[in-house]
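Breakdown of the fold
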Amino acid sequence: MAALKLGVLGSGKGSNFRAIADAITRGSLDAEVGIVISDVPDAGILSLARERGIRAEFVPPGKFKSKLEPSAEQRVVELLNEAGAEWVVLAGWMRMIKAPLLDAFPRRIINIHPSLLPAFPGLEAWKLALAAGATTTGCTVHYVDAGMDTGEVIAQAETPVQPDDTPESLHARIQAEEHKLYPAVLASLARIHTSRR
Ligand code: GAR
């Protein structure tokens with residue numbers, strides 16, 4: 001049995017999910033993805049999950065932009081429980097997490113964010129770093145709490161900003177780091193989890 005039973009939430013193309021799934025396939029991450037859930041019906045992350053034979057579910061988000069409607073978040077909790085998920089991995093999830101999920105998975109929800117937190121929380125953080133004239137940015141894996149990108153930091157990786165960077169080129173280099181950092185952090189959590197059994 002895999003050390004970590006994961007449920008993955010994402011709103012976008014799913015390259016972080018792919019990096020995690022590839023690490024599992026390679027055997028460098030002792031985990032299993034039980035379900036992938038999206039708030040966007042045609043999100044790439046859902047197709048990537050289906051291609052791998054992993055259950056993929058769209059949950060209609062409701063009327064809010066920055067969070068799920070409480071009933072939708074409750075549905076996400078039910079789906080995660082049904083799939084046997086013990087950890088919730090946010091991989092490009094673009095909404096705040098509220099009480100239903102936080103209470104169901106205390107200190108078991110982690111996120112990857114494209115900046116060196118606490119610098120540049122929020123959406124499109126690489127654009128914020130570029131606009132602020134930062135010379136170094138990067139990515140952060142952190143526990144999720146009720147704030148926006150405020151939870152305890154687990155690990156970070158730096159990416160230098162080049163003088164000729166565009167938002168796209170900078171985000172691409174940050175993503176290359178994300179794809180190494182996220183599976184590595186999950187692998188360390190898996191080792192800790194296994195040794196505690
Ligand atoms: C990633 O860069 C991730 O750090 C960012 O969205 C991108 C998703 O890419 N997340 C956030 O900004 C969360 N606030 P992906 O769908 O290819 O993994």
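See the structure printed just above.
What counts and what doesn't
- Residues numbered from 1 in each chain as written.
- Predicted model: local features only at pLDDT ≥ 70, side-chain atom pairs only at ≥ 80, totals over all residues.
- Heavy atoms only, no water.
- Helix = DSSP H or I, 4+ residues; strand = E, 2+ residues; numbered from the N terminus.
- Rg over C-alpha atoms; globule rule 2.2 N^0.38 Å.
- Buried < 20%, exposed > 50% of the residue type's maximum accessible area, 1.4 Å probe, protein only.
- Contact = heavy atoms within 4.5 Å.
- Areas by Shrake-Rupley, 256 points an atom, 1.4 Å probe, with all protein chains shown as cover.
- Lys, Arg positive; Asp, Glu negative; His and termini not counted.
- Charge placed at Lys NZ, Arg CZ, Asp CG, Glu CD.
- Pairing = 2+ DSSP bridges.
- Near = heavy atom within 4 Å.
- Polar contact = N/O pair within 3.5 Å; in protein donor to acceptor, adjacent residues only side chain to side chain.

1. Points about the overall build of the protein chain
A tally of regular secondary structure across the protein chain gives six helices and seven strands. Beginning at the N terminus, the succession of helices and strands in the protein chain can be written as β-α-β-α-β-α-β-α-β-α-β-β-α. Here the C-alpha atoms of the protein chain give a radius of gyration of 16 Å, agreeing with the 16 Å that 2.2 N^0.38 yields for 197 residues. Seen through its principal axes, the protein chain has C-alpha atoms that stretch 50 × 40 × 30 Å. Counting over 197 residues, the protein chain shows a buried share of 51%. Within the protein chain, contacts between residues at least 6 apart in sequence are counted, and of these 64% link residues at least 24 apart. For the protein chain, the accessible area works out to roughly 9200 Å², and carbon and sulfur atoms hold 55% of it. Where the 21 positive side-chain charges of the protein chain centre and where its 23 negative ones centre are 3 Å apart.

2. Thoughts on the pairing of strand E6 (residues 136–143)
Extensive coverage of E6 is indicated by the burial of seven of its eight residues. Strand direction decides the pairing type here: strand E5 (residues 109–113) and E6, joined by four bridges, are antiparallel. Its bridge partner lying in E6, Ile110 is registered against Tyr143. Where E6 and strand E7 (residues 153–160) come together, seven bridges link them in antiparallel fashion. Counted as the bridge partner of Val141 is Ala155 from E7.

3. Some points on the site of the ligand
Neighbouring residues of the ligand: 14 residues in total, closest Gly14, Ser15, Asn16, His171 and Glu178. With respect to the ligand, the backbone of Ile112 contributes an N or O atom lying 3.5 Å from an oxygen atom. For the ligand, an oxygen atom lies 2.9 Å from a polar atom in the side chain of His171. Contact with the protein chains covers 94% of the free accessible surface of the ligand, which is 450 Å². Elements with a minimum of two residues in the shell around the ligand: helix H1 (15–26), E5 and helix H6 (167–195). Top contributing element to the shell around the ligand by residue count: H6, with three residues.

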